[in-house]
Amino acid sequence: MSVRLPQDLLYRAAIADLWEHEAVQSMAQFMQHGTTSCLHHCVNVSYLSYCYCRDRGLDARAAARGGLLHDLFLYDWHTYRPAKGELLHGFEHPRKALHNARKYFDLTPVEEDIILRHMWPLTRNLPATAEGRVVTMFDKYVSLMETFRVPVRIPAPLAEA
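Overview of the structure. (Residues numbered from 1 in each chain as written. Predicted model: local features only at pLDDT ≥ 70, side-chain atom pairs only at ≥ 80, totals over all residues. Heavy atoms only, no water.)

**Describing the packing of aromatic side chains**
Scanning the entire structure with this criterion turns up 6 aromatic pairs. Aromatic side chains tyrosine 11 and tyrosine 47 sit 4.9 Å apart centroid to centroid with 75 degrees between the ring planes, which places their arrangement in the edge-to-face category. Taken together, the residues span a long stretch of sequence, with tyrosine 11 in helix H1 (residues 9-19) and tyrosine 47 in helix H3 (residues 38-55) at a distance of 36 residues. The exposure class of tyrosine 47 is buried, given its relative accessible area of 0%. Relative to phenylalanine 138, the ring of tyrosine 52 lies with its centre 5.8 Å away and its plane at 70 degrees, an arrangement referred to as edge-to-face. (Phe/Tyr/Trp six-rings, centres within 6.5 Å; stacked < 30°, edge-to-face > 60°. Helix = DSSP H or I, 4+ residues; strand = E, 2+ residues; numbered from the N terminus. Buried < 20%, exposed > 50% of the residue type's maximum accessible area, 1.4 Å probe, protein only.)

Following this line, the structure appears as structure tokens:
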């Protein structure tokens, strides 16, 4: 099942370079919650976070980009077994996602905060940025909806200027 982006031209422009990258597209092969792929999950989190931040004068671009990359761990977490010395997936994957994101993209400090700290409170540190807290909130919401197979409501794009 292919993942479609919202028809919001400003959102699409914010993530265009990420969206075209094969590492990001490869997330479509991994299931995240229920029948939702990791890529679809990340698009849902990314766009909801983008809209929320845009409407409140926060860094919507960083929220969109960090939200899209927050689960760039690139493996099936359902069958993953931690290597010696590693923690369980829920604790470990933000560092793996950040490592992968840094490998492929230049990240801002806000984007790094989003990726590394999105699993709070499971991981120790609360996101340091407002955008990080927004992505964390929408990650929890979207995960819950996907797990219980409830459609995630995606806002309609604003009229383009």
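So, next bit.
**Here we look at the nonpolar core**
A general trend in soluble globular proteins is that nonpolar side chains are found buried together. Counting residues in hydrophobic clusters, the biggest one holds 41 residues, and the most contacted among them are Tyr11, Val24, Leu39, Val43, Leu68, Leu69 and Leu72. Listed by contribution, the elements that provide at least two residues to this core are H1, H3, helix H4 (60-69), helix H5 (89-104), helix H6 (109-117) and helix H7 (130-147). Dropping the residues within four chain positions of it, valine 24 is found in contact with Leu18, Trp19, Leu39, Leu68, Leu69, Leu72 and Phe105. (Core = buried A, V, L, I, M, F, W, Y, C linked by side-chain atoms within 4.5 Å. Contact = heavy atoms within 4.5 Å.)

**As for H7**
Taking 1.5 Å as the rise per residue, H7 with 18 residues should run 26 Å; its terminal C-alpha atoms sit 26 Å apart, in good agreement. Every buried residue belonging to H7 is among Glu131, Gly132, Val134, Val135, Thr136, Phe138, Asp139, Val142, Ser143, Met145 and Glu146, and all of these are buried. Phi for arginine 149, located one or two positions after H7, is positive at around 55 degrees. (Expected span 1.5 Å × (residues − 1).)

**Thoughts on the packing of H3 against H7**
For any two helices packed against each other, the geometry comes down to the angle between their axes and how far apart the axes lie. Here H3 crosses H7 at 135 degrees, and the two axes come no closer than 9 Å. Relative to H7, the element H3 lies oblique. The way H3 lies across H7 gives a crossing that is right-handed. On H7, the residues that touch His41, Asn44, Val45, Leu48, Ser49, Tyr52 and Cys53 of H3 are Glu131, Val134, Val135, Met137, Phe138, Asp139, Tyr141, Val142, Ser143 and Glu146. Looking at side-chain class alone, the contact of H3 with H7 contains 10 nonpolar, 4 polar and 3 charged residues. (Axes fitted to C-alpha atoms, helices over the stretch in contact; angles between N-to-C directions. Parallel < 35°, antiparallel > 145°, perpendicular 65-115°, else oblique. Left-handed = near helix turned anticlockwise from the far one by under 90°. Nonpolar A, V, L, I, M, F, W, Y, C, P; charged D, E, K, R; others polar.)

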